[in-house]
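Single-letter residue listing:
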Amino acid sequence: MVSKAPGLNRFVGAAVSFGSDGTQRVTADLNAPLGRLGLGERTWFRLNLLAHQGGVAGRNVVENRRWGAAPALTFGLGSATRLTIAYFKLKQDNISDYGIPWVPATNNALAEYRDKPAPVPRDTFYGFRTRDFERLGSDTATVRLEHEFSDGLRLRNQFRYGRSTRDSIATPPRFAGADSTVINREMRSWIADDAIWDNQLDIAGVFSTAGLRHSLVAGANVSRENNVRKIRTAPNSTTTLLNPNPDDVYTGAFAMGPYVGDVTGNTQAAYADTVRFGERWEAVGGLRWERFDVAGVNTTPAPVARVDTMRGIRAALVYKPARRGSVYLSYGTSLNPSLEGLSYGVAGTSIEPERTYTIEAGSKWSAAGERLMLSGAVFRVDKDNARTPGILPDDPPQVLQGRQRANGFELAATGAVTRQLRVLAAYAFIDGRIVRSNTPAEIGKRFQNTPKNSSSVWFTYQRRKLTLGGGPRYVGSRFGNNINTRRVDSYWTFDALVGYPLNGKVDLRLNIYNLNNAYYFDRLAGGHLAPGPSRSVLGGIYFRF
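Rules and cut-offs
Residues numbered from 1 in each chain as written. Predicted model: local features only at pLDDT ≥ 70, side-chain atom pairs only at ≥ 80, totals over all residues. Heavy atoms only, no water. Helix = DSSP H or I, 4+ residues; strand = E, 2+ residues; numbered from the N terminus. Rg over C-alpha atoms; globule rule 2.2 N^0.38 Å. Buried < 20%, exposed > 50% of the residue type's maximum accessible area, 1.4 Å probe, protein only. Areas by Shrake-Rupley, 256 points an atom, 1.4 Å probe, with all protein chains shown as cover. Lys, Arg positive; Asp, Glu negative; His and termini not counted. Charge placed at Lys NZ, Arg CZ, Asp CG, Glu CD. Pairing = 2+ DSSP bridges. Axes fitted to C-alpha atoms, helices over the stretch in contact; angles between N-to-C directions. Phe/Tyr/Trp six-rings, centres within 6.5 Å; stacked < 30°, edge-to-face > 60°. Lys NZ or Arg CZ within 6 Å of the ring centre and 35° of its normal.

Undergrad: Can you help me understand the overall build of the chain in this one?
TA: Scanning the chain for helices and strands turns up zero helices and 30 strands. Taken against the 2.2 N^0.38 rule, which gives 24 Å for 545 residues, the C-alpha radius of gyration of the chain at 27 Å falls within 12% of a compact globule. Projecting the C-alpha coordinates of the chain onto the three principal axes gives extents of approximately 75 × 65 × 50 Å. Residue burial in the chain is summarised as follows: out of 545 residues, 37% are buried. Carbon and sulfur atoms provide 57% of the accessible area of the chain, an area that totals close to 28,500 Å². The chain carries 69 positive and 48 negative side-chain charges, and their two centres are separated by 7 Å.

Now the structure itself:
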């Protein structure tokens, strides 16, 4: 994670924004020297502040409120030895949004909508305004020491402590039966407290041998993660499909589970990356070794424990046929342990990590007087031991007998077409499929929530002081499950921007999002899906001194 750090230029920036969806947002950014306080001429301080509240356009009940602060202090800025002490805090108080339900394949009341989103308006909300909430907290403290022994040798050590908390209640809507449109208002709750201690030490150097230039980065990482989780339950209630009332009073009783889950993961890792430079050729190689040790108890309670030792590699070859262009081929491996994210699933304790192999070939070229960067790549990602349900009597709940593959390509253009016109454009094609599975209906099917085609284009045109911007974003059709029976249509939205500087210190900006007011789905889940925001306008004034 990279945060805004102190720099050598004194400045003060601020912004105030208001939106048609009720958004009210204030930010501030201060960077200043502290030499006059007796801390040294090379001591600089930076402070970022945020306060935000607002809704979601088209989702009238949903609210988001947050505030944050990020102070950072650097000693020795601009010198060979630098010490940075930073802190990041963000608090959120939102109303959870679980959207609308999928119509089950067995529903007879809406047979023409089976495995499709329920036919309801975008602003339909099945939760409880006075019950549902999402309270999130994030605190991160960082101490980073850097020393440059010479122009070609640098040492860095970074220690970080982080804590995040979550206390939330949400209402996933589900059809209550096959012959009606009655909706169950299920109660979903999370109470979790996560902490992480992480230390990373690395050294980077540049040197030459046999007329070739080399770059080397090597390091080690030690971390400890802990997750504490509690269970809160309450009875479900019901409502109608077309007319749920978010102001209904929930009368159910809450109960806390008798057990507390507590799982800790310890990681030790070492890595090295090297780059060899030539006039036209460049070679890259990297190795990473990692040990991941998880132990604890889940909320049933049942013991959770596993130790995995993993190794990954990456390699690339780059050829530069001309000064403005390059062609490359890269290969890499990675592993996903079964208890990553400190999973509470006991089923994962008996299986090895999944293995993923990635190969990519591409090219990058500068054009239009080196103002415009053009790039393209083709790739294949293979997972040859994907998790899939066990089917034999002696099998654990999950086994590593599946296989998944994604083939695709991507194109991008970034930069200035002319002095007045800039563009940021990208297109991606991904054909991700399940090649092998113990669930026969999944074989040959596409990955859920993975569009084959997606693209975005953003243009900005500057005429004297006036800046005009705009562009479309397209997402192809997606499936809501791995057997490809649930599907949402493709969609496109169009955003626009108008900016005008009042003077050298004050700018005005107007953004319009989803100008065409498309009704689309932003998030897909197992039994529900969340609509994306409708058309909204955000206006702001930006200051810098």
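Let's pick the thread back up.
Undergrad: So what exactly am I meant to see when it comes to the sheet that holds strand S9 (residues 173–175) here?
TA: The pairing of strands in a sheet comes from backbone hydrogen bonds and takes either a parallel or an antiparallel form. Judged by pairing direction, the sheet is antiparallel, and its three strands sit side by side in the order S9-S10-S13 without closing on themselves. Of all strands in the sheet, those bounded by a partner on one side alone are S9 and strand S13 (237–240). Neighbour to neighbour, the strand axes of the sheet diverge by 40° on average, direction disregarded. Across four bridges, the pairing between strand S10 (residues 182–185) and S13 is antiparallel. In the strand pairing of S13, Asn184 is matched with Thr238.

Undergrad: What is the right way to read the packing of aromatic side chains from this model?
TA: For any pair of aromatic rings, geometry is given as the distance between the ring centres together with the angle between the planes. Scanning all chains against the criterion turns up nine aromatic pairs. Consider the rings of Phe409 and Tyr427, whose centres lie 5.7 Å apart with planes at 50°: the pair is tilted. Highlighted residues: Phe409 in strand S20 (residues 398–416) and Tyr427 in strand S21 (residues 421–436), separated in sequence by 18 residues. Its guanidinium or amino end placed over the ring of Phe133, Arg135 lies 4.0 Å from that ring's centre, counting from NZ or CZ.

Purely geometric stuff here, so don't read any function into it on its own.
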